[in-house]
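Letter by letter, the chains look like this.
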Amino acid sequence: MGIMRTAAAAFLAAGILAAGATASAQTTVKVGYALAPNSHYGAGAKAFEDELARLTGGRFKVEQFPSSALGGEREMVESVQLGTLDMVITSTGPVANFVPEVGITDIPFLFRDTTHARTVLDGPIGQEILSKFPARNLVALAWGEQGFRHLTNNARAVAAPGDMRGLKLRTMENQVHMTAFRTLGANPTPMAWPEVVTGLRQGTIDGQENPISVITSARLHEVQKHITLTRHVFSPALLILSPTVFNRLNDADKAAFRQAAAVGSKAMRDFVDDVERRGVAELKAAGMAVVEGIDTAQFQQALAPAYAEYARRFGQAAIDRIRDVK
Ligand code: PAF
């Protein structure tokens, strides 16, 4: 009896110890992103968090830092590279400064539609680009997305390339985008996202460009009068992990992170699909003047010198390979 009691006590103690060990073995993963929790990035981060907890029995706990709490996207990618931040959900905007191969996805009018973009990014071309990250001390877990980017401004209704002339336009810190807007006659002003709304409010910039998902979640209708549905460039996003975290994981946990990122990406895409269905009507109701579309061929023609530069930079064959994906 005594022996049994001792054995039971030892068993219990071992259980408590094991539980204690499990609790203390929980690893926190800090994830930063630029937008609010009620955005497509917030949806992606939440789905990532839930799936990672499910797959690892709660051994990894995600702590979210939304709304640029940890700085602009370039700064967050830098922190992930240095290992002072574990993970970032970011647009491709600043990423080409770290992994130049990403820049090809930022070429205007490259992707015909969302299906084309998703097929390319999830297929061999997209995976080849992701495979370039480790050499730059970053681990790209998956592509996410924001939708097609559109132009907003306070100066005038933009319908034709000529209307862009002289517009002081905030762009991302991205050479491909800057080349495009310079070629169209605008005055591209690269700026980190946390400064943009203030810049628009104070009039230091006339306009900016972002997808409906961003324009609605950041409430840009409060600081912008005109929107033109230009669809001038598809805006992929990326879920990027620090190698400091990734290299410590065993193979099963590495697979769990990748799987959780795929689920996060799907949540982001579902959110974008939904907001694209209703967002323009909401912006109109909020008082924005909407130019419903543009003559894409006219803009492509005006961009001819920019396309020549992209061909020199990325190779025409690589660009055509993306265009040719059915
Ligand atoms: O315009 C940008 O910088 C990006 O699209 C944003 C809004 C930070 C989301 O990634």
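These numbers come from a predicted model, not from an experiment.

Digging into the overall build of the protein chain
Argument step 1. Helix and strand content of the protein chain: 13 helices and nine strands.
Argument step 2. Dimensions of the protein chain along its principal axes, counting C-alpha atoms only, are 95 × 45 × 35 Å.
Argument step 3. Buried positions account for 51% of the 326 residues belonging to the protein chain.
Argument step 4. Within the protein chain, counting contacts between residues at least 6 apart in sequence, those at least 24 apart form 75% of the total.
Argument step 5. With an accessible surface of roughly 14100 Å², the protein chain has 55% of that area assigned to carbon and sulfur atoms.
Argument step 6. Side-chain charges of the protein chain comprise 34 positive and 32 negative groups, with the mean position of each set lying 1 Å from the other.

Considering the confidence of the model for the protein chain
Argument step 1. Chain-level statistics for the protein chain give a pLDDT mean of 93 and a share of 93% at 70 or above.
Argument step 2. Looking across the protein chain, the model is least confident in helix H1 (residues 2-24), with a mean pLDDT of 39, and most confident in strand E3 (residues 87-91), with 99.
Argument step 3. Per-residue pLDDT stays below 50 along residues 1-23; that stretch engages in zero contacts with residues further than four places along the chain or on separate chains.

Thoughts on the packing of helix H2 (residues 40-55) against helix H10 (residues 251-285)
In a packed pair of helices, the relevant descriptors are the angle between the two axes and the axis-to-axis distance.
Argument step 1. With their axes 7 Å apart at the nearest point, H2 and H10 run at an angle of 150 degrees to one another. Classified by the angle between their axes, H2 and H10 sit roughly antiparallel to one another. For the crossing formed where H2 meets H10, the hand is right-handed. On H10, the residues that touch His40, Tyr41, Ala43, Gly44, Ala47, Phe48, Glu51, Leu52 and Leu55 of H2 are Ala256, Phe257, Gln259, Ala260, Ala261, Val263, Gly264, Ala267, Met268, Phe271 and Val272.

Things to note about the packing of aromatic side chains
Argument step 1. Applying the stated rule across the entire model yields six aromatic pairs.
Argument step 2. When the centroid spacing of 5.1 Å and the interplanar angle of 70 degrees are considered together, the rings of Phe148 and Phe234 count as edge-to-face. Placement of the pair is Phe148 in strand E4 (residues 139-153) and Phe234 in strand E8 (residues 226-241), with a sequence separation of 86 residues.
Argument step 3. On the accessibility criterion, Phe148 (2% relative accessible area) is buried.
Argument step 4. Aromatic side chains Tyr307 and Tyr310 sit 6.0 Å apart centroid to centroid with 75 degrees between the ring planes, which places their arrangement in the edge-to-face category. With a gap of three residues between them, Tyr307 and Tyr310 both fall in helix H12 (residues 304-314), about one helical turn apart. As far as burial versus exposure is concerned, Tyr307 and Tyr310 are alike and both buried.
Argument step 5. Taken together, the aromatic side chains of Phe48, Phe60 and Phe257 make up a single cluster linked through ring pairs.
Argument step 6. Note that Arg231 overlies the ring of Phe148, its terminal NZ or CZ placed 4.1 Å from the centroid.
Argument step 7. The ring of Tyr307 carries the charged tip of Arg323 above its face, separated from the ring centre by 5.8 Å.

What about the pattern of salt bridges?
Two side chains with opposite charge may pair up if their charged atoms get near one another.
Argument step 1. Counted according to the given criterion, the structure contains 16 salt bridges.
Argument step 2. Between Glu173 and Arg74 there is a salt bridge, and its shortest N-O distance comes to 3.0 Å. Residue Glu173 is found in the loop between strand E5 (168-171) and helix H6 (175-183), and its partner Arg74 is found in helix H3 (residues 73-82); the two are separated by 99 residues along the sequence.
Argument step 3. By relative accessible area, which is 32% here, Arg74 ends up partly exposed.
Argument step 4. When the shortest N-O distance is used, the salt bridge between Arg321 and Glu128 registers 3.0 Å. Here Arg321 is found in helix H13 (residues 316-323), whereas its partner Glu128 is found in helix H5 (residues 124-130), with 193 residues between them in sequence.
Argument step 5. Since its relative accessible area comes to 37%, Glu128 is described here as partly exposed.
Argument step 6. Among the charged side chains, a network of salt bridges with common partners joins Arg118, Asp122, Glu145, Arg269 and Asp273.

Considering the side chain of Arg118
Argument step 1. Checked against the element boundaries, Arg118 lands in helix H4 (residues 114-122).
Argument step 2. The exposure class of Arg118 is buried, given its relative accessible area of 18%.
Argument step 3. Beyond its immediate stretch of four places on either side in the chain, Arg118 contacts Glu145, Arg269 and Asp273.

Structural notes on the environment of Met172
Argument step 1. Along the polypeptide, Met172 turns up in the loop between E5 and H6.
Argument step 2. In this structure the C-alpha to C-alpha distance between Met172 and Thr92, which are 80 residues apart in sequence, comes to 9.2 Å.
Argument step 3. With residues near it in sequence (within four places) discarded, Met172 still touches Ser91, Gly93, Arg149, His177, Met178, Pro190 and Glu209.

Procedures and definitions
Residues numbered from 1 in each chain as written. Predicted model: local features only at pLDDT ≥ 70, side-chain atom pairs only at ≥ 80, totals over all residues. Heavy atoms only, no water. Helix = DSSP H or I, 4+ residues; strand = E, 2+ residues; numbered from the N terminus. Buried < 20%, exposed > 50% of the residue type's maximum accessible area, 1.4 Å probe, protein only. Contact = heavy atoms within 4.5 Å. Areas by Shrake-Rupley, 256 points an atom, 1.4 Å probe, with all protein chains shown as cover. Lys, Arg positive; Asp, Glu negative; His and termini not counted. Charge placed at Lys NZ, Arg CZ, Asp CG, Glu CD. pLDDT = per-residue confidence, 0-100. Axes fitted to C-alpha atoms, helices over the stretch in contact; angles between N-to-C directions. Parallel < 35°, antiparallel > 145°, perpendicular 65-115°, else oblique. Left-handed = near helix turned anticlockwise from the far one by under 90°. Phe/Tyr/Trp six-rings, centres within 6.5 Å; stacked < 30°, edge-to-face > 60°. Lys NZ or Arg CZ within 6 Å of the ring centre and 35° of its normal. Salt bridge = Lys/Arg side-chain N within 4 Å of Asp/Glu carboxyl O.

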